[in-house]
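# Breakdown of the fold
Take a look at the letters that make up each chain.
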Amino acid sequence: MRSNFLISMTSLLALALAGGCSKDDSPAPLPDMSEATYTGTGLELYYQGEAMPGKRAVVKVDKDGGKLDMTFNSILDLSEIAGAGLTGQLQGPGITPGDAVLTLSAPYTAGDGVYVVSGDGSTDYLTFKYAGEVGKDKMTFSLTDCKLKNTMLAGNVFAPAPLKREGLMDITSMPFHLVWELDPAAGIEIPLSEVLKGIVVAPVIPVYEGTAYTSLAQAFCSLVKTMALTESGNVPVMYVSTLGGAAHVATTCGNMIQYVPAENGVKLYLNPLSVFSEFLLATSNNKNDEKFDFAEMFKAASETGSDATSVMMDPAVTKALLMVMIESLAPQIAGGVPMALEPTAVGADLYFDTATSVTFLATVLQNVLKNPELSALLQQELGKLDLPGVKPEQVGALLQALPGYLTKTTRLEIGLSLVKAS
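Fair warning: this is a prediction, and the values are worked out from it, not measured in the lab.

### Notes on the overall build of the chain
Regarding its fold elements, the chain presents 9 helices and 26 strands. When burial is assessed residue by residue, the chain has 46% of its 422 residues classed as buried. Counting only contacts in the chain whose residues sit at least 6 apart along the sequence, the fraction spanning at least 24 positions is 63%. As displayed, the chain offers around 20,800 Å² of accessible surface, 55% of which is attributable to carbon and sulfur atoms.

Here is the structure:
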């Protein structure tokens, strides 16, 4: 009896210990939800393996049908962009090139407290695979194997055309495509295309804390190395950076700029949050507690083949130019900014159509003319040029008249002049 009693107690103790040490490995139940919206840190979104910020997802759970209905788009609160000084909301592009909104419906399976989806997707412009997990407070979603249906432009890699000139105005090569023509009935004989070229090559951008000046053309050639058109629709840009210390060539997040071929050119889709994030990251304190150094950028650019002078550009000027771009293109960002793509003997010219160019130039001129120092410098430099039909003492009046000429414009093309990268 005593032996049986001891055996029974030992068995009970073993069962108790086993019960106390056991672990419930069963998955957590699916979250009780019918609809949820995911933004910010609640949405972890990837396109071709790279994070895609600034997007929004709305998910509806159809439990009877066993599926998720997912809608992706982008609405950016401009006040959330630190240091930009912008307000209001901006409708941004969607998560796939060519679409402001992407809608997917997919059957789900039960994961560990999450709905799990995967499948193949297609839009008018793109084919892709997708996979994701949807929880109560967070959604993770990836698009992979993305490929444009029209890949006629894929594989092209371009670089800015170098700035070359003989004398002040005999420009044989420059990184910008600039054409401005007025209605002949206006009776204005001023060569406005040459005026635009004079503006972008005039050394009016403050460098070295205002002790010297460079031109927009020099700055662009020094900073931007290449831009590529990929079959996924991404347009990665290689540029010179000093983030982290030594100057080096860096590459933007691939999906910061996307494209689809369009009639006579392309449509570009800019992710505003990525654009500003790239710039703000570069101009903030880096891990070595050193400020972003434009002097090092231009020095590195020079060492890698650019003929531009080593300078240190005021970050405030760069941010102002960036904000002008966003402000000018805002109405077209969601639906894609149309740009003509014109092949040349050495590469291609990529430029805005007349309507977009007029809006862009009007915004630029407004910002230039309300800056007395910049306006005076521009007037001074343009006065040195031998502009046909314009005397040096007339340059100031010409600058003031430029915004009015936009109403008489019949053709205006502003963009980039590119060469094929080796």
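### Let's talk about the layout of surface pockets
Counted as a void, the second largest pocket has a volume near 370 Å³. Contributing to the lining of the second largest pocket are 17 residues, with Thr39, Gly40, Gly54, Lys55 and Leu273 lying nearest its centre. At the level of elements, β2 (43-47) and β6 (75-77) are the ones that each hand at least two residues to the lining of the second largest pocket. Ranked by residue count, the leading element in the lining of the second largest pocket is β2, at 4 residues.

### Considering the sheet that holds strand β5 (residues 67-73)
The sheet built from 4 strands is open, its strands ordered β1-β4-β5-β8 with antiparallel pairing. With partners counted over all chains shown, the strands left at the sheet margins are β1 (35-38) and β8 (102-107), one partner each. When strand polarity is set aside, the average angle formed by the axes of neighbouring strands in this sheet is 15°. Pairing of β5 with β8, which is carried by 6 bridges, proceeds in the antiparallel orientation. Within the sheet, the bridge partner assigned to Met70 lies in β8 and is Leu104.

### Considering the side chain of Ser215
Mapping Ser215 onto the fold places it in the loop between β18 (212-214) and α3 (216-223). The residues touching Ser215, leaving out its near neighbours within four places in the chain, are Val200, Val201, Ala202, Pro203 and Ile205.

### Let's talk about the pairing of strand β25 (residues 347-352)
Across the 6 residues of β25, 6 count as buried, placing the element largely inside the fold. If you look at the hairpin formed by strand β24 (residues 337-343) and β25, you'll find 3 residues sitting between the two strands. Bridge analysis of β25 against strand β26 (residues 409-420) gives 5 bridges, and the strand direction is antiparallel. Note on β26: the bridge partner recorded for Ala348 is Leu418.

Definitions and limits used
All residue numbers refer to positions counted from 1 along the written sequence of the respective chain. In view of the model being predicted, local features appear only for residues whose pLDDT reaches at least 70, and side-chain atom pairs are presented and counted only at 80 or more, with totals across whole chains, interfaces and linings using the full set of residues. Excluding hydrogens and water, the side-chain figures rest on all heavy atoms present in the structure. Every helix listed is a DSSP run of H or I at least four residues long, and every strand listed is a run of E at least two residues long, numbered separately from the N terminus. Burial classes: relative accessible area under 20% of the type maximum marks a residue as buried, over 50% as exposed, and values in between as partly exposed (1.4 Å probe, protein chains only). Contacts between residues were defined by any pair of non-hydrogen atoms, one from each residue, lying within 4.5 Å. Methods summary: accessible areas were calculated by the Shrake-Rupley approach with a probe of 1.4 Å, and residue burial reflects only the protein chains presented. Cavity means a closed set of points on a 1 Å grid over the protein atoms alone, one where a 1.4 Å probe fits but cannot get out, pocket means an open set with protein on both sides within 12 Å along at least 5 of 7 lines, and lining means a residue has an atom within 4 Å of a point. Grid points are joined across faces, edges and corners, and a volume is the space filled by probe spheres set on the points. Here, any two strands with at least 2 DSSP bridges between them count as paired. Note on definitions: angles span 0 to 180 degrees between N-to-C directions of axes, and those axes are lines fitted to C-alpha atoms, for helices only across the stretch in contact.

This is a description of form; function is not addressed.
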